[in-house]
Amino acid sequence: MAFLEAIPAIGTFVPGSTVLLGISAVAVTGELSLSVVFAAAVGGAVLGDGSAYWIGRRYPGSVREIWPMKGHPKLVLRSKRFFERYGAVSILFARFVPPIRAFVPITAGAMGMAPSRFYPINICAIALWATAYVLPGIFAGSLYRRAGEFEGYILPVFLGSCILGGLVWIIWRSRKKIPRDAD
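Within each chain, residue numbers correspond to sequence positions counted from 1 in written order. Predicted model: local features are reported for residues with pLDDT of at least 70 only, side-chain atom pairs are reported and counted for 80 or more only, and whole-chain, interface and lining totals are derived from all residues. Side-chain descriptors were evaluated using all non-hydrogen atoms of the structure, hydrogens and water having been removed beforehand.

**Digging into the environment of G141**
And then number 1: Secondary structure elements follow DSSP: runs of H or I of four or more residues count as helices, runs of E of two or more count as strands, with numbering from the N terminus. Inspection of the secondary structure assignment puts G141 in helix α9 (residues 115-145).
And then number 2: G141 sits 119 residues away from G22 along the chain, and the two C-alpha atoms are 8.5 Å apart.
And then number 3: Whether two residues are in contact is decided by their heavy atoms: any pair within 4.5 Å suffices. In this structure G141 touches A25 and V28, once residues within four positions along its chain are discounted.

Structure (C-alpha cells):
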C-alpha cells in the first residue's frame with residue numbers, strides 16, 4: 001500500500017496511511033511483527049517515491065503529458081509550485097500531505113533534483129511518516145487489548161474527543177472565512 005500510495009494519481013485514492021495505522025494496531029496482538037510492518041511501509045514508500053522520481057528524471061519535459069499526470073494538471077501544478085517554494089524541504093513536508101505526496105517525487109525528478117539530494121531527504125521523511133502512523137496504531141492496538149481495564153473511561157474520553165474535534169473543526173472553518181487584508 002505504501003508503494004501504491006507513492007504513485008502519482010493512484011496514490012490520491014490509495015489509503016496507505018490508514019492501512020498502515022490499522023496493520024500496526026493488529027501487529028500489537030502478535031499476529032504480525034512490528035518490525036516487518038515498519039520495514040514494509042518504509043520499503044514500499046521508498047520504492048514508490050523512487051520510481052516516481054526516476055520517471056520524472058527520465059521524462060522531464062513530458063511528465064505532464066504521460067498518464068497519470070495528464071489527467072491531473074492542477075495537482076501537477078500545485079506540486080510544482082510546492083516544490084519551487086520549499087525546495088528540498090518539500091520532499092519532507094509532502095510526505096504528510098496526501099494529495100501532493102504522490103506528485104512531489106516525480107516533480108523533483110523532472111525539475112532535476114540530484115539523486116544524492118533527493119534520497120537522503122526522502123528516506124528521512126518516509127521514516128518519520130512511517131513512525132507517525134505505526135506508533136498511533138501500536139497505541140490503539142494496545143488500548144484495544146486492554147479495553148476492559150478502562151471500561152469506565154471509554155465513554156468520557158470518546159465524548160471529550162468528539163467535542164475537542166468539533167471545536168477544532170469549527171475554529172478551522174471560521175478561520176477560512178475571515179477576510180484577509182491586502183498588503
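**Thoughts on the pattern of salt bridges**
And then number 1: The working definition used for a salt bridge is a side-chain nitrogen of Lys or Arg within 4 Å of a carboxyl oxygen of Asp or Glu. Tallied over the full model, the rule gives one salt bridge.
And then number 2: Among the ionic pairs, R95 bridges to D49, the shortest N-O distance being 3.0 Å. With R95 in the loop between α6 (89-94) and α7 (98-101) and D49 in helix α4 (residues 34-58), the pair connects residues that are 46 residues apart, well separated along the chain.
And then number 3: We call a residue buried when its accessible area falls under 20% of the maximum for its residue type, exposed when it is over 50%, and partly exposed in between, using a 1.4 Å probe and counting protein chains only. R95 sits in the buried class, given a relative accessible area of 3%.
And then number 4: On the basis of relative accessible area, D49 is assigned to the buried category, the value being 1%.

**Some thoughts on the nonpolar core**
Soluble globular proteins: nonpolar side chains tend toward being buried together.
And then number 1: Only buried residues count toward a nonpolar core, which is a set of Ala, Val, Leu, Ile, Met, Phe, Trp, Tyr and Cys residues joined through side-chain atoms within 4.5 Å. Residues Y53, F82, F83, A88, I91, A94, I100, V104, A108, M113 and F118 constitute the largest nonpolar core, which totals eleven residues.
And then number 2: Within the residue set of this core, elements represented by two or more residues are α5 (73-86), α6 and α8 (104-110).
And then number 3: Of all hydrophobic cores here, the second largest spans ten residues; its members include L20, A41, A130 and V134.

**Quick look at the packing of α4 against α9**
And then number 1: The angle between two axes is taken between their N-to-C directions and runs from 0 to 180 degrees, where each axis is a line fitted to C-alpha atoms and a helix contributes only its stretch in contact. Interaxial distance between α4 and α9 falls to 9 Å at its minimum, and their mutual angle equals 145°. When you trace α4 past α9, the crossing you get is right-handed. Of the residues in α9, those touching α4 at L34, F38, A41, V42, A45, V46, D49, G50, Y53, W54 and R57 are P115, F118, Y119, N122, I123, I126, A127, W129, A130, T131, V134 and I138.
And then number 2: For the contact of α4 with α9, the per-class residue count stands at 18 nonpolar, three polar and two charged. Left-handed describes a crossing whose near helix is turned anticlockwise from the far helix through less than a right angle; right-handed describes the clockwise counterpart. Just so you know the grouping, Ala, Val, Leu, Ile, Met, Phe, Trp, Tyr, Cys and Pro go in nonpolar, Asp, Glu, Lys and Arg go in charged, and all remaining residues, Gly too, go in polar.

**Notes on the side chain of T107**
And then number 1: Counting through the fold element by element, T107 comes out in helix α8.
And then number 2: Discounting chain neighbours no more than four positions away, the residues touching T107 are S79, K80 and F83.

**Overview of α5**
And then number 1: The span expected for a helix works out to 1.5 Å for each residue beyond the first. For α5, built from 14 residues, the straight-helix expectation of 20 Å at 1.5 Å per residue is met to within 8% by its first-to-last C-alpha distance of 20 Å.
And then number 2: Buried within α5 are the following residues: L75, V76, S79, F82 and F83. One side of α5 carries all its buried residues, which in axial view fall inside an arc of 125°. Residues of α5 that are exposed and point more than 90 degrees away from the buried face comprise P73, K74, R81 and R85.
And then number 3: Immediately beyond the C-terminal end of α5, within one or two residues, lies G87, with a positive phi of roughly 60°. Arc, as used here, means the arc of the directions from the helix axis to the C-beta atoms.

**Some remarks on a nonpolar patch on the surface**
And then number 1: Residues I23, V26 and L32 make up a contiguous nonpolar surface patch of roughly 220 Å² in combined accessible area.
And then number 2: Of note, V26 is situated in helix α3 (residues 16-27). Each patch is built from residues lacking any salt bridge and having more than 30% relative accessible area; the joining distance is 9 Å for like charges and 5 Å for nonpolar side chains (Val, Leu, Ile, Met, Phe, Trp, Tyr). Areas reported as accessible are Shrake-Rupley estimates using a 1.4 Å probe. Residue values count occlusion only from the protein chains shown.

**Some words on the packing of aromatic side chains**
And then number 1: Here a Phe, Tyr or Trp ring, Trp counted by its six-membered ring, pairs with any other such ring whose centre lies within 6.5 Å, and the pair is stacked when the planes are under 30 degrees apart, edge-to-face when over 60, and tilted otherwise. With the rule as written, the count across this model stands at six aromatic pairs.
And then number 2: Measuring from centroid to centroid gives 5.2 Å for Y53 and W54, while their planes differ by 80°, and the two rings are edge-to-face.
And then number 3: Three or more aromatic residues joined by ring pairs form one cluster here, namely Y53, W54, F118 and Y119.
And then number 4: One Lys or Arg, R95, reaches over the ring of W129 and ends 4.7 Å from the middle of that ring. Only Lys NZ and Arg CZ are tested; either one counts as a charge over a ring when it is within 6 Å of the ring centre and within 35 degrees of the ring normal.

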